[in-house]
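Report on the structure
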There are 2 protein chains.
Amino acid sequence: MKIIVQKYGGTSVADAQKIRRAARRVIKAVENGFGVVVVASARGKQTDQLIADALELNPNPPKREMDQLLSTGEQQTVSLFAMALEAMGHDAISFTGGQIRMLTDSSHTKARIKSIGAERIHKQLDKGKIVIVAGFQGIDKDENITTLGRGGSDTTAVALAAALGAEECEIYTDVDGVYTADPRIFKNAAKMDEISYNEMLEMASFGAGVMHPRSVEFGKKYDVKIHVRSSSEETEGTIITHEVPRMEGVIVSGATIQKDMAKIGLVGVDNIPGNAAKIFAHLARAKVIVDDIIQTEVSPEKANLSFVVSGSDLNAAKKAVETIKDEVNCDRIFVREDIAEVSVIGIGMRTHYGVAEKMFGALAEAKVNIDSITTSEIRISCAVDEDQAEKALNVVCAAFELDKSSQQRSKS
Amino acid sequence: MKIIVQKYGGTSVADAQKIRRAARRVIKAVENGFGVVVVASARGKQTDQLIADALELNPNPPKREMDQLLSTGEQQTVSLFAMALEAMGHDAISFTGGQIRMLTDSSHTKARIKSIGAERIHKQLDKGKIVIVAGFQGIDKDENITTLGRGGSDTTAVALAAALGAEECEIYTDVDGVYTADPRIFKNAAKMDEISYNEMLEMASFGAGVMHPRSVEFGKKYDVKIHVRSSSEETEGTIITHEVPRMEGVIVSGATIQKDMAKIGLVGVDNIPGNAAKIFAHLARAKVIVDDIIQTEVSPEKANLSFVVSGSDLNAAKKAVETIKDEVNCDRIFVREDIAEVSVIGIGMRTHYGVAEKMFGALAEAKVNIDSITTSEIRISCAVDEDQAEKALNVVCAAFELDKSSQQRSKS
């Protein structure tokens, strides 16, 4: 039997009506001959309510107990989902993470999956049952309940699809796919039919919030075809899959914007081996995620060093560099808040020239000043003033014709 | 280390304030040198809300899924309870039924406990932790979540106390103990200091709702000292324990009333062996709980047979006897609704005469007509008109001086 995994997020199962709508979709897949495994999140605002309940009793609740508490949200959804399917005349059975042996490490609130027991699910599918699995949760080797942290239910779904050898992992959400750019900013953004894992990873890491990079990484590692689609409409969404030659015909697949960033610079650091390592070790210990590191030699003895952090990490980052300042003999620290990063992403960049030129040209023409530039193999990012960021995204999108679908662009 | 089990019902943990109050009690026991294991129910109306959510999706939800759903209520309470204790500076850890290997059979919604894994709890107590266990729930051998049905959390608590060899199992509730009679009906009812398991079983089965008979049976079987007491007041409650000689000095320990009963009679049944068995087998298959069976021979060929059922079972019972009527050659079926049973209970009855006389005398004097009488070794029950039931209880209580504590009465 061909298996399909369908993941429904919290807004798609928020109330009885929405659970029934999701259940009808599941039944449709069953009628098309698939064995269906559903992964569901906690209903609507349930998790927020539980967090509020916890904080009322303890401003700093132990993480193990938080996981014990929050995992009930998904457990409720899956049993209700199974009941809905039964009421519609279909055999269904719900499982918690523990019940399908979703084994994780013991890092409560951000656990990593170690293994999945697919047997129990196969057995139920073979009996003709629809299987509903609680997303976001697992157990460690001592049967403590763990949760997977942000994007956890997506990760559960993709991991299950891999473990079960599913044809496809469908991610039902409140948008109908992945767009070339954020449609709230670039009005004419086009929905993509497909995108490679690597592009999606860059998109996700650089501001496109449709899927958490972690679940995309899982999909890439185990070659799971991921289909991001709308839970309210019947249209096809976006397929996230491995690279195929035709994808390279498109130079730029999408563009992203990341706001609320800050740049920290260390001016006049002693230019000796090990100093950069010292600085970033300090930042890592402070759990600051660092991006766009740029180091330039200003003299044989001295170097300037800068990097970008998200606004929420700025204070921790400042503290961390202040404590290391004297040790690396830094003359001065500067901070530039209110910057944004505009990025273009596309695996076609590997084989096409002139992408950077086109991007910088579009920004220059629109009089957007570029603070700094960083690149990866399939991405070019420019740091710009935050209040110029939306304009920047729009001109870049126009330059790369991101209002057209990739099919239209690869033909042209 | 001496261990104490404390059970808090839904009203005792309904909100953050009440959870904190319960937590303070727990800490007091810890400060008195006890290892404390807490058993907690779902918060206030959580279970009702979950049942409503289920029925909205499925008027007849599968029982396995109901258990999967409802068990989240207790899981939430125990994690919140542990968080509250941590906030007050005490190490605590919460467990679901599954996590402590509360193994049950697979009768969903009314599972029976088969075994308990006490090790994990002992290990945590030895580390100095307070252990919080979700009441009402277990798992079967396939890790399906089960629930124990009515009185389930009390049963969890008493069973845990037995498995752990606890000194005492404290049941915290919204009344401050077991009374000689329902104080809402007999205003001057006295709180009992102690009561034997057998008396409590008769009290519970015959209308005193403080504890479910099942948990008392567990206590009796494993000789667990049960202490029923108030969660809001500091007073001592009622100890349920094994019989001691001084208990026999009291002739009647308490009186109960059971309303909304009905009597069904089969008139002129063929008086041949096996007919009664056939009738009650039918009723058992219909899951009707039958009480007070009376059979009288009216001729060598014919017998009359009657029994009492609760109002909620009446329709099922009627249907069951209608289907067997012809087979046992019954002339006529009669039903008497709106009856109540007034009972007096006391292990002293075994060694004292005149209890029945005194009861019947009191009822006669008050002009309460007795429909039928049944007795056990330590109980006498009279079926009376429902609208005379409260008067009946009051005159019986007065006759046996149930306004006085058992200590006062045994001295007199």
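Since we're looking at a predicted model, the values are computed, not measured.

The next point concerns the overall build of chain A. Secondary structure assignment for chain A yields twelve helices and 18 strands. Taken over the C-alpha trace, chain A has a radius of gyration of 23 Å; the compact-globule value for 412 residues is 22 Å, and the two agree within 12%. Taken over the C-alpha atoms alone, chain A extends approximately 75 × 55 × 35 Å along its principal axes. Taken across its 412 residues, chain A has 51% of its residues classed as buried. Sequence separation of at least 24 residues holds for 76% of the intrachain contacts in chain A that already meet a minimum separation of 6.

Right, let's talk about the packing of helix α2 (residues 46-57) of chain B against helix α3 (residues 63-87) of chain B for a bit. Residue and element names in this part refer to chain B. Relative to each other, α2 and α3 sit at 150°, their axes nearing to 9 Å. By the angle class used here, α2 and α3 are roughly antiparallel. Seen from above, α2 lies across α3 with right-handed handedness. Where α2 approaches α3, its residues Gln46, Thr47, Leu50 and Ala54 are matched on the opposing element by Met66, Leu69, Leu70 and Gly73. A per-class count over the contact of α2 with α3 returns five nonpolar, three polar and no charged.

With that out of the way, let us pick up the confidence of the model for chain A. When pLDDT is averaged along chain A, the result is 92, and 99% of the positions lie at 70 or above. For this predicted complex, the interface confidence score (ipTM) comes to 0.84, while the overall pTM stands at 0.86.

You can overlay chain A on chain B at an RMSD of 0.3 Å; the transform is a turn of 179° with a shift of 0.1 Å along its axis. Read as a symmetry element, the transformation amounts to a two-fold axis. Considering only C-alpha atoms, the part of chain A nearest the rotation axis is A:Thr72, at 2.5 Å. Here 100% of the contact residues of chain A are again contact residues in chain B; the copies associate through an equivalent surface.

All right, on to the domain arrangement of chain A then. If you check the domain split of chain A, you get domain 1 (3-174) and domain 2 (255-411). Summarising the inter-unit geometry, the C-alpha centres of domain 1 of chain A and domain 2 of chain A are found 37 Å apart.

Bringing the interface of chain A and chain B into the picture now. The partner chain B presents 26 residues to the 26 residues of chain A that form the contact. Broken down by secondary-structure element, the contributors of at least two residues to the side of chain A that touches chain B are α1 (16-31), α2 (46-57) and α3 (63-87) of chain A. Take the side of chain A that touches chain B: its biggest share by element is 13 residues, from α3(A). Here the side of chain A that touches chain B is composed, by residue class, of 13 nonpolar, eight polar and five charged.

Right, let's get into the pairing of strand β14 (residues 291-297) of chain A. Residues and elements named next belong to chain A. Of the strand pairs in this sheet, β14 and strand β15 (residues 302-310) are connected by five bridges, and their pairing is antiparallel. Each bridged residue has a counterpart across the sheet, and for Thr296 the counterpart in β15 is Asn304. Where β14 folds back onto β15 in an antiparallel hairpin, the turn is made up of four residues.

Residues and elements named next belong to chain A. Spatially, β3-β6-β2-β1-β9-β11-β12-β10 is the arrangement adopted by the eight strands of the open sheet, whose pairing is mixed. Of all strands in the sheet, those with a lone pairing partner are β3 (92-95) and β10 (194-196), marking the two edges. Direction aside, neighbouring strands of the sheet carry axes that sit 20° apart on average. With three bridges connecting them, β10 and strand β12 (residues 238-241) associate as parallel partners. Across the sheet, the residue bridging to Glu194 is Ile239, located in β12. Set on the sheet, α1 makes contact with β1 (3-8), β2 (35-40) and β6 (130-134); between it and β1 the angle comes to about 170°.

Let us now look at helix α8 (residues 275-285) of chain A. All names here are of chain A. Every buried residue belonging to α8 is among Asn275, Ile279 and Leu283, and all of these are buried. Viewed along the axis of α8, the buried residues span an arc of 75°, placing them on a single side of the element. α8 presents Ala277, Ala284 and Arg285 as exposed residues on the side facing more than 90 degrees away from its buried surface. Contact partners of the buried residues in α8: β13 (254-270), β15 and α9 (314-324). With its phi angle positive at about 60°, Lys287 sits one or two positions after the end of α8.

All names here are of chain A. Sheet topology note: the β13/strand β16 (residues 332-345) ladder contains eleven bridges and is antiparallel. Residue Lys263 lies in a different strand from β16, and its bridge partner there is Arg336. The sheet contact formed by β13 and β15 spans eight bridges and is antiparallel. Bridging across to β15, Ile264 finds its partner in Phe307.

All right, on to the environment of A:Arg184 then. All names here are of chain A. In this fold, Arg184 is placed in the loop between β9 (168-173) and β10. Among the residues examined, Arg184 registers 9 C-beta atoms within 10 Å and is labelled exposed. Through-space distance from the C-alpha of Arg184 to that of Glu390 is 9.9 Å; in sequence the pair is 206 residues apart.

The phi dihedral of A:Asp260 is positive, around 55°, even though this residue is not glycine. Tracing the chain through its elements places A:Asp260 in strand β13.

We now examine the sheet that holds strand β18 (residues 379-385) of chain B. All names here are of chain B. Taken in spatial order, the six strands line up as β14-β15-β13-β16-β18-β17 in an open sheet, and their pairing is antiparallel. Lying at the two open borders of the sheet, with one neighbouring strand each, are β14 (291-297) and β17 (370-376). Direction aside, the axes of adjacent strands within the sheet are offset by 30° on average. Sheet topology places strand β16 (residues 332-345) next to β18; seven bridges connect them, and they run antiparallel. For Glu341, the partnering residue across the bridge sits in β18 and is Ala383. The sheet strands contacting helix α8 (residues 275-285) are β13 (254-270), β14 and β15 (302-310), and the helix crosses β13 at an angle near 125°.

Quick notes on the rules
- Residues numbered from 1 in each chain as written.
- Chains lettered and ligands numbered in written order.
- Predicted model: local features only at pLDDT ≥ 70, side-chain atom pairs only at ≥ 80, totals over all residues.
- Helix = DSSP H or I, 4+ residues; strand = E, 2+ residues; numbered from the N terminus.
- Rg over C-alpha atoms; globule rule 2.2 N^0.38 Å.
- Buried ≥ 20, exposed ≤ 12 C-beta atoms within 10 Å, placed from the backbone.
- Contact = placed C-beta atoms within 7 Å.
- Axes fitted to C-alpha atoms, helices over the stretch in contact; angles between N-to-C directions.
- Parallel < 35°, antiparallel > 145°, perpendicular 65-115°, else oblique.
- Left-handed = near helix turned anticlockwise from the far one by under 90°.
- Nonpolar A, V, L, I, M, F, W, Y, C, P; charged D, E, K, R; others polar.
- pLDDT = per-residue confidence, 0-100.
- Least-squares fit on C-alpha atoms with pLDDT ≥ 70 in both.
- Domains from an automatic or database assignment.
- Pairing = 2+ DSSP bridges.
- Arc of directions from axis to C-beta.

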